[in-house]
Amino acid sequence: MQDLDPLDTRLLDEFQRDLPLVPRPFAAIGLHLGLTEAQVIDRLARLQALGSVARVGATVRPNTAGASTLAALAVPEERLDAVAALVGAEPGVNHSYLREDDWNLWFVATAPGPAELAAMLGRIKDATGLAVLDLPLVRAFNIDLGFRLTGARQPMTSARAADPIALSDQDRTLLHALSQGLALVPRPFAALGDEARVLDRIALLTHARIITRLGVIVRHRALGYTANAMVVWDLPETRIEAAGQALAVHPGVTLCYQRRIVPGVWPYALFSMIHATSRTAAQEVLTKAAALPALAGAPHKALFSTRCFKQTGARISDTPASEAA
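Just so it is clear, the model here is predicted, and its values are computed rather than measured. (Residues numbered from 1 in each chain as written. Predicted model: local features only at pLDDT ≥ 70, side-chain atom pairs only at ≥ 80, totals over all residues. Heavy atoms only, no water.)

A.B. asks: Mind laying out the overall build of the protein, listing which residues take part and the relevant values?
C.D. replies: Across its full length, the protein carries 10 helices and 11 strands. Its C-alpha radius of gyration of 20 Å places the protein within 12% of the 20 Å reference for a compact globule of 325 residues. Looking at the 325 residues of the protein, the share that counts as buried comes to 50%. Of the contacts formed within the protein by residues at least 6 apart in sequence, a portion of 78% connects residues at least 24 apart. Accessible area of the protein: about 14100 Å², with a carbon and sulfur share of 56%. Here the protein carries 32 positive and 31 negative side-chain charges, and the mean point of each set is 2 Å from the other. (Helix = DSSP H or I, 4+ residues; strand = E, 2+ residues; numbered from the N terminus. Rg over C-alpha atoms; globule rule 2.2 N^0.38 Å. Buried < 20%, exposed > 50% of the residue type's maximum accessible area, 1.4 Å probe, protein only. Contact = heavy atoms within 4.5 Å. Areas by Shrake-Rupley, 256 points an atom, 1.4 Å probe, with all protein chains shown as cover. Lys, Arg positive; Asp, Glu negative; His and termini not counted. Charge placed at Lys NZ, Arg CZ, Asp CG, Glu CD.)

A.B. asks: I'd like to hear about the pairing of strand β8 (residues 227-233), residue by residue, with values.
C.D. replies: Across the seven residues that make up β8, a large majority, seven, are buried. What you see with β8 is no split at all: A227, A229, V231 and W233 on one side and N228, M230 and V232 on the other are buried throughout. Two elements, β8 and strand β11 (residues 300-311), share five bridges in a ladder whose sense is antiparallel. The residue of β11 that forms the bridge with V231 is A302. (Pairing = 2+ DSSP bridges.)

A.B. asks: Before we move on, can you summarise the packing of aromatic side chains with the specific residues and values?
C.D. replies: Following the criterion strictly, the structure yields four aromatic pairs and no others. Pairing W266 with Y268 gives two aromatic rings, centres 5.0 Å apart and planes at 65°, and the pair type is edge-to-face. Taken together, W106, Y257, W266, Y268 and F271 form an aromatic cluster joined through their ring pairs. When the ring centre of Y97 is taken as origin, the NZ or CZ atom of R99, which lies over that ring, is 5.4 Å away. Here the basic side chain of R279 rests over the ring of F304, its NZ or CZ set 4.2 Å away from the ring centre. (Phe/Tyr/Trp six-rings, centres within 6.5 Å; stacked < 30°, edge-to-face > 60°. Lys NZ or Arg CZ within 6 Å of the ring centre and 35° of its normal.)

A.B. asks: Please provide a residue-by-residue account of the nonpolar core, values included.
C.D. replies: If you look at the biggest cluster of nonpolar residues, it comprises 39 residues, and the most contacted ones within it are L12, I29, L175, L178, I202, I211 and V216. Secondary structure elements with two or more residues in this core: α1 (6-14), α2 (25-33), α3 (37-50), β1 (53-60), α6 (169-180), α7 (195-207) and β7 (211-218). (Core = buried A, V, L, I, M, F, W, Y, C linked by side-chain atoms within 4.5 Å.)

A.B. asks: Tell me what's going on with the packing of α1 against α2, and back it up with residues and numbers.
C.D. replies: Closest axis-to-axis distance for the α1/α2 pair is 11 Å, and the angle between their directions is 120°. With respect to α2, the element α1 is oriented oblique. Handedness of the crossing formed by α1 with α2: right-handed. From α1, L7, R10, L11 and E14 reach across to α2, where they touch I29, H32 and L33. Of the residues contributing to the contact of α1 with α2, the split by class is four nonpolar, one polar and two charged. (Axes fitted to C-alpha atoms, helices over the stretch in contact; angles between N-to-C directions. Parallel < 35°, antiparallel > 145°, perpendicular 65-115°, else oblique. Left-handed = near helix turned anticlockwise from the far one by under 90°. Nonpolar A, V, L, I, M, F, W, Y, C, P; charged D, E, K, R; others polar.)

A.B. asks: For the pairing of strand β2 (residues 67-73), give the residues involved together with the corresponding values.
C.D. replies: Of all seven residues in β2, seven are buried; the element is thus mostly enclosed. Pairing between β2 and strand β4 (residues 105-111): seven bridges, direction antiparallel. Looking at β4, one finds that A71 is bridged to F107. Strand direction decides the pairing type here: β2 and strand β5 (residues 133-135), joined by three bridges, are antiparallel. Across the sheet, the residue bridging to A72 is L133, located in β5.

By themselves these figures say nothing about function.
Shown next as structure tokens:
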């Protein structure tokens, strides 16, 4: 785990969401922390170079501005590096992990639309010669991964549905730019187009819950959260609502969502993530979660991640922000 000084810790704890929507956000952060604008930018650049911070930007609700899915491959051990490289070469693959399961290579794929997403999965199938387990999102119960790094683990907030607003091509381009990360400069929003309009659209997209979080996106593994488990639950449809709501606010559960099952292949409809600093701590969270009345007796398994192959922002648009402004 990387050593963080108290100001680094405050920066990561207090600004994983609610990045100030003002022309000079890093100056506003500095005012809060007792730092200059330049010192905040320098700290963020250093943390990014160390791998503690992925970017300063946004996370976008799945399937609102593009199309996305969680997918997996069952890869023979001797082919793992080669297959992971083929998967990671797809620009639309933004997360790729090795997990402890027969379906061992898991990845998130995002594209501008369903046709492009299907084509991407087809290319991966053809390139690897392996079947692709495609598990589209059905419902999100909690998709906000911005938990505090210090203090007791607190319950996360259940996800509210997004407002149905019409997105323009400019909105999609803006969301893509925010997913890739803001420039660490004094006026980062001005680099995305007309500054006032950009700020107004970000505020609207956040209020509509298209943007689920705007702030410092950290890399948890680099910060000591090395025991990360994707826990999957086999539940009938009639129990998923209550179970998802219960898991979403259970302390230590950092994500929770329902995905489509594949009969005879993948019966697990409910997914939850646990980010912990040790397997013992992760197992404690899981033991308490499994004892919740809504989860009583539900078959489940924990797929711990053992290696990260790729982690970037989601690809929502193929148009650079500067061209759409």
